[in-house]
Amino acid sequence: MNYLSNVIRFLFCLGFFSGTALVVAAQSISQPHRIEIEDEDSNPIEVLPLPDSTFLIYKRPYFSFKKEHSFQKYSKDFKLVWSQKVELENRLEFYQFFPGPDFVYALYKHSNSSEFSILKIDPKTGTNILNSYNLRQHDIKYEVDLESFQILENHIFITAKSSVNSFVIHLDEINNELKTIPALYGPLNTLVDFHLDTLTRRAEFILAESKSNIGRLQVKRFNSQGNLFTSNFIRPVERQSLITAKISPGDSTRKVIIGAYSLRDSRFAQGLFSTTLNNLETIRYYDFIQLKHFFDFMRKKSRERLFTKAQKYAAKNKTFRQQYQLLIHDAIWHGEKLYLVGEVYNQRSTTYRSLYNYRSSAILARARWRPDLLENAYRTNPGYNRNYKYSHSLVCVFDKDGNYLWDNSLVIKDVEDDELIPVSQFGFYQDKTIMAYAYEKEIRYKIVNQDSTSEEALVEPLRTNAPDEKITSADNTTLLHWYGPHFIAFGYHYIRSPRSSNKRIFFINKVSFK
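Bear in mind the structure is a predicted one, so any value in this text is a computation, not a measurement.

## Section: the pattern of salt bridges
Move 1: Overall, the coordinates contain 30 salt bridges when judged by the stated rule.
Move 2: One salt bridge connects Lys85 with Glu68, and the closest N-O pair in it is separated by 4.0 Å. Of this pair, Lys85 sits in strand 6 (residues 80–87) while Glu68 is found in strand 5 (residues 68–74), placing the two residues 17 residues apart along the sequence.
Move 3: Among the salt bridges present, the one from Asp401 reaches Lys400, with a minimum N-O distance of 3.6 Å.
Move 4: Residue classification places Asp401 among the partly exposed positions, given a relative accessible area of 35%.
Move 5: The network of salt bridges with common partners includes Arg34, Glu36, Asp468, Glu469, Arg499 and Lys503.

Laid out in structure tokens, this is it:
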């Protein structure tokens, strides 16, 4: 606790709270390419960035009597590579994409919850094949809600839940064999991470459980056939409860596990923890109060009061309790450093309403942080609704042993949503980190040089194809990291032009930092 007190005193004396952080600006930000699609039939459109620096546009029919689905692949300079039309049955409802290294998979739900289909697309040519499955033919007799899926070497792992349990379905698409994995069968909301590591050829799951009001985690790793490879517990030795975590990709000898811990109430995080797979007995805890930029979203005087109060608690050898809800993304390596990004949000309940909540499946396809929170965003949401208001995005960087190096943050303004989804995206430009998110007609971003950054986010308006055109309003604007320092923004724009009548278009912009 003396260490924590010294940290608080150091930050205070440093003058950090007076806004003296260095300003790091991008050399330039550009939007070199844009596609506009006339929104005549109001057909839903999906955009999916692919690992080879290309992207897919998927246009599916809105009305059930139409069967024709359209897939188009574009290069990184927005040149059409191929176009394919696919006839699908009316009963198929698109749910989620998974961009594998060799094929793109699209998961479709049926009106009957025991049935689903997977469309397998060759990204080089657009050729495709549709396979359908019936869970009742494989001894799964109860109602099932599919949540998310990933593919490892022609083996499909699907997280699912019934009314009382969560479980994982394993599908061998070569031999057409389907089974549930007994070692991953448990109560609802126990699965907190789902990750397929193509380098080690392992399916990795993290499950949460509580014992004597103390939360602990279990790491289970499987081979591609769904057979258990290793199982390990992460047990806190003190009063901290481990509530969620991510496992790093790559070599098994350097697996780092990073997540959030709480005190008493598992709904709220007190800080971050880190450990390694080969030494789970050693757990490092990092209270949010120790992070340099976690509280940048507050006003200066509020920060000063908070740190003064925390310092008084530390002087009395007491813990200053935090109550923050944290949505963490997958951890990724960049060089020898491990990056963890997440959003801090507040969950609120709203009154009765009926809302058609369109959300891009490109985001939902990445919603693997809490499969139990992944809801079907293409259905009407009646009744008592949840609402999520985001305050800021946090990036924390660790070394190969899980030791904290530095952190930074990006204030998120005005963003509220009925779905708990990732809002911020990040990429790299030389030795700097780009943090960005989209809001209506603009991109808001920071260029982070370790723990020094501009105090306020910079703003880049989304551009049209002609300088005299004006974007009057925007819907469902989404930003995704694409490759390197390049991002892709898409959504709906209402355009006013002096040469034509007002129009509603679906746009796709390339956003590049150089």
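Let us keep going from here.
## Overview of the sheet that holds strand 4 (residues 55–59)
Move 1: Spatially, the four strands line up as an open sheet ordered 3-4-5-6, and their pairing is antiparallel. Of all the strands in the sheet, the pair left with one neighbour each is strand 3 (45–49) and strand 6. The average undirected angle you get between the axes of adjacent strands in this sheet is 15 degrees.
Move 2: In terms of strand pairing, strand 3 meets strand 4 through five bridges, oriented antiparallel. Each residue of the ladder has a partner; that of Ile45, found in strand 4, is Lys59.

## Structural notes on the confidence of the model for the chain
Move 1: Confidence in the prediction for the chain averages 86 pLDDT; 86% of positions are at 70 or higher.
Move 2: Strand 4 holds the highest mean pLDDT among the elements of the chain, 97, whereas helix 1 (residues 2–14) holds the lowest, 46.
Move 3: Ignoring residues within four places in sequence, the model shows residues 1–5, a span with pLDDT below 50, making eight contacts including any to other chains.

## Observations concerning unusual backbone geometry
Move 1: The backbone of Asn154 shows a phi angle near 65 degrees, a positive value even though the residue is not glycine.
Move 2: Here Asn154 lies in the loop between strand 11 (145–152) and strand 12 (155–161).
Move 3: In this structure, Glu440 takes a positive phi of about 55 degrees despite not being glycine.
Move 4: In this fold, Glu440 is placed in the loop between strand 31 (432–439) and strand 32 (442–448).

## Concerning the nonpolar core
One broad rule of soluble globular proteins: the nonpolar side chains tend to lie buried together.
Move 1: Counting 28 residues, the largest nonpolar core has Phe288, Phe294, Phe295, Leu306 and Tyr324 as the members making the most contacts within it.
Move 2: Those elements giving two or more residues to this core turn out to be strand 21 (256–262), helix 2 (300–315), strand 24 (325–328), strand 26 (337–350) and strand 27 (385–398).
Move 3: What Phe294 contacts, discounting residues up to four positions off in sequence, is Phe288, Tyr324, Val344, His392, Leu394 and Asp407.

## Thoughts on the packing of aromatic side chains
Move 1: For the coordinates displayed, the defined rule picks out 39 aromatic pairs.
Move 2: An angle of 0 degrees between the planes, with centres 4.3 Å apart, marks the rings of Tyr58 and Phe71 as stacked. Of this pair, Tyr58 sits in strand 4 while Phe71 sits in strand 5, and the two are 13 residues apart along the sequence.
Move 3: Look at Tyr58 and you get buried, because its relative accessible area is 0%.

## Re the sheet that holds strand 19 (residues 228–234)
Move 1: The strand order 16-17-18-19 describes an open sheet built from four strands, whose pairing is antiparallel. On the outer flanks of this sheet lie strand 16 (191–197) and strand 19, each paired with one strand and no other. Ignoring which end each strand starts from, the neighbouring axes of this sheet average 15 degrees apart.
Move 2: Inspection of the sheet shows strand 17 (residues 202–211) paired to strand 18 (residues 214–222) by nine bridges, in the antiparallel sense. Its bridge partner lying in strand 18, Ala203 is registered against Phe222.

## Side note on the side chain of Glu343
Move 1: Looking at the secondary structure, you find Glu343 in strand 26.
Move 2: There is no salt bridge for the buried Glu343, and the closest opposite charge comes from Lys246, which lies 11 Å off by N-O distance.
Move 3: A polar contact is formed between the side chain of Glu343 and the side chain of Ser424, at a distance of 2.6 Å.
Move 4: Not counting chain neighbours up to four residues away, the residues in contact with Glu343 comprise Gln325, Leu326, Leu327, His329, Tyr390, His392, Ser393, Ile412, Ile421, Pro422, Val423 and Ser424.

Analysis parameters
- Residues numbered from 1 in each chain as written.
- Predicted model: local features only at pLDDT ≥ 70, side-chain atom pairs only at ≥ 80, totals over all residues.
- Heavy atoms only, no water.
- Salt bridge = Lys/Arg side-chain N within 4 Å of Asp/Glu carboxyl O.
- Helix = DSSP H or I, 4+ residues; strand = E, 2+ residues; numbered from the N terminus.
- Buried < 20%, exposed > 50% of the residue type's maximum accessible area, 1.4 Å probe, protein only.
- Pairing = 2+ DSSP bridges.
- Axes fitted to C-alpha atoms, helices over the stretch in contact; angles between N-to-C directions.
- pLDDT = per-residue confidence, 0-100.
- Contact = heavy atoms within 4.5 Å.
- Core = buried A, V, L, I, M, F, W, Y, C linked by side-chain atoms within 4.5 Å.
- Phe/Tyr/Trp six-rings, centres within 6.5 Å; stacked < 30°, edge-to-face > 60°.
- Lys, Arg positive; Asp, Glu negative; His and termini not counted.
- Polar contact = N/O pair within 3.5 Å; in protein donor to acceptor, adjacent residues only side chain to side chain.

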